[in-house]
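# Descriptive analysis of the structure
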Amino acid sequence: MTIDKQLPSTRTAELDSICLKAEVIPVLTIDRLEDAVPLGRALVEGGLPVLEVTLRTDCALEAVKRMREALPSASIGVGTVLTPAQYRQAEQVEADFVVTPGATEALYRYGVESPVPMLPGVSTISELMTGWQYGYRRFKFFPAESSGGAKALKAFGAPIPGAHFCPTGGITVDNAADYLNLPNVMCVGGSWLTPKALIDAEDWDGIRELARQAAERFHH
């Protein structure tokens with residue numbers, strides 16, 4: 001297997017610079033395209049400048065495009081990327097990063113060559129070791145709570161201290177600190193910042209306030 005020797009240092013630095021902007025990354029599922037920009041703006045104004053838009057809805061890619069234009073200071077990633085074809089779509093809408101729920105060899109290989117850094121999803125040490133051999137050092141830990149939670153990530157740190165994580169899945173305002181207190185956790189991803197009821201009501205002030213509270217509570 002040939003691996004670009006630049007991958008660990010350059011990609012790791014790119015992902016670190018994104019994750020250092022905020023300890024909490026809102027994970028967004030956008031059902032209505034017209035919600036994308038006001039939702040993103042409310043979160044950024046609240047103090048959370050890194051956003052992950054999941055590919056779980058038909059309008060997700062167009063939403064990313066509009067958010068990139070309207071919020072040039074934000075780092076916007078595309079999540080729930082399952083295939084190299086979807087990875088290419090994320091490149092085309094100028095995503096700052098790509099997040100996957102799990103990882104395949106095809107995704108790892110594509111990510112090595114892509115100009116857009118990938119945060120691959122892992123839930124076990126074996127999966128982590130596979131990513132490690134491709135040169136990856138930063139990972140999404142998913143689904144975090146049902147895969148052993150903060151205790152599991154703490155245990156991962158003993159054999160592979162150089163791997164750092166963004167846990168997602170079951171993260172709430174009440175357990176986020178359990179993860180963020182670990183030395184191998186860079187940030188957490190969560191959907192608690194964008195309750196469906198507030199989005200449906202177009203209550204952008206309410207979402208801005210949730211973002212502000214999270215930004216203040218979990219400040220670097």
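Quick look at the structure, then. (Residues numbered from 1 in each chain as written. Predicted model: local features only at pLDDT ≥ 70, side-chain atom pairs only at ≥ 80, totals over all residues. Heavy atoms only, no water.)

Another point: the overall build of the chain. Looking only at helices and strands, the chain features 10 helices and nine strands. In terms of overall size, the chain behaves like a compact globule, its C-alpha atoms giving a radius of gyration of 16 Å where 220 residues would be expected to give roughly 17 Å. Seen through its C-alpha atoms, the chain measures out along the principal axes to roughly 50 × 35 × 25 Å. For the chain, the residues scored as buried account for 51% of the 220 residues in total. Contacts in the chain between residues far apart in sequence, at least 24 positions, make up 62% of those at least 6 positions apart. Working note: accessible area of the chain is about 9800 Å², and carbon and sulfur atoms make up 52% of it. Of the charged side chains in the chain, 20 are positive and 27 negative, and the gap between their average positions amounts to 5 Å. (Helix = DSSP H or I, 4+ residues; strand = E, 2+ residues; numbered from the N terminus. Rg over C-alpha atoms; globule rule 2.2 N^0.38 Å. Buried < 20%, exposed > 50% of the residue type's maximum accessible area, 1.4 Å probe, protein only. Contact = heavy atoms within 4.5 Å. Areas by Shrake-Rupley, 256 points an atom, 1.4 Å probe, with all protein chains shown as cover. Lys, Arg positive; Asp, Glu negative; His and termini not counted. Charge placed at Lys NZ, Arg CZ, Asp CG, Glu CD.)

Here we come to the nonpolar core. Ranked by internal contacts, the top residues of the largest apolar core, which has 63 residues, are Ile30, Met67 and Phe165. Residue contacts for Met67: discarding those within four places in its chain leaves Leu28, Ile30, Ala36, Val37, Gly40, Leu51, Val53 and Ile76. If you look at the next biggest cluster of nonpolar residues, it comprises 11 residues, including Ile18, Val50, Phe97 and Met186. (Core = buried A, V, L, I, M, F, W, Y, C linked by side-chain atoms within 4.5 Å.)

Looking now at the sheet that holds strand β3 (residues 75-79). Reading across the sheet, the six strands line up as β5-β4-β3-β2-β1-β9 and stay open at both edges, with parallel pairing between neighbours. The open sheet is flanked by β5 (118-119) and β9 (188-190), the only strands paired with a single partner. Judged from the five bridges that link them, strand β2 (residues 50-54) and β3 form a sheet pairing that is parallel. Residue pairing in the sheet places Thr54 in a bridge with Gly79 of β3. (Pairing = 2+ DSSP bridges.)

Turning next to the state of the cysteines. Using the criterion set out here, one finds zero disulfides in the structure. You can see Cys19 has no disulfide; the closest cysteine sulfur is in Cys187, sitting 3.4 Å from it. With no disulfide partner, Cys166 has as its closest neighbouring cysteine sulfur the one in Cys187, 3.6 Å distant. (Disulfide = S-S within 2.5 Å.)

Moving on to the pattern of salt bridges. Going through the model one piece at a time under the given rule, you end up with 12 salt bridges. Put simply, Glu62 and Lys65 hold a salt bridge, and the shortest N to O gap is 3.7 Å. Here the residue Glu62 and the residue Lys65 both occupy positions in helix α3 (residues 60-70), the gap between them amounting to three residues, near one helical turn. Here Lys65 falls in the partly exposed class, since its relative accessible area comes to 38%. Through salt bridges with shared partners, a single ionic network connects Glu45, Asp205 and Arg208. (Salt bridge = Lys/Arg side-chain N within 4 Å of Asp/Glu carboxyl O.)

Applying the stated criterion across every chain, the model contains seven aromatic pairs. Judged by centre distance (4.8 Å) and plane angle (55°), the ring pair of Tyr87 and Tyr110 falls under tilted. Of this pair, Tyr87 sits in helix α4 (residues 84-92) while Tyr110 sits in helix α5 (residues 105-113), placing them 23 residues apart in sequence. Its guanidinium or amino end placed over the ring of Trp132, Arg137 lies 3.7 Å from that ring's centre, counting from NZ or CZ. (Phe/Tyr/Trp six-rings, centres within 6.5 Å; stacked < 30°, edge-to-face > 60°. Lys NZ or Arg CZ within 6 Å of the ring centre and 35° of its normal.)

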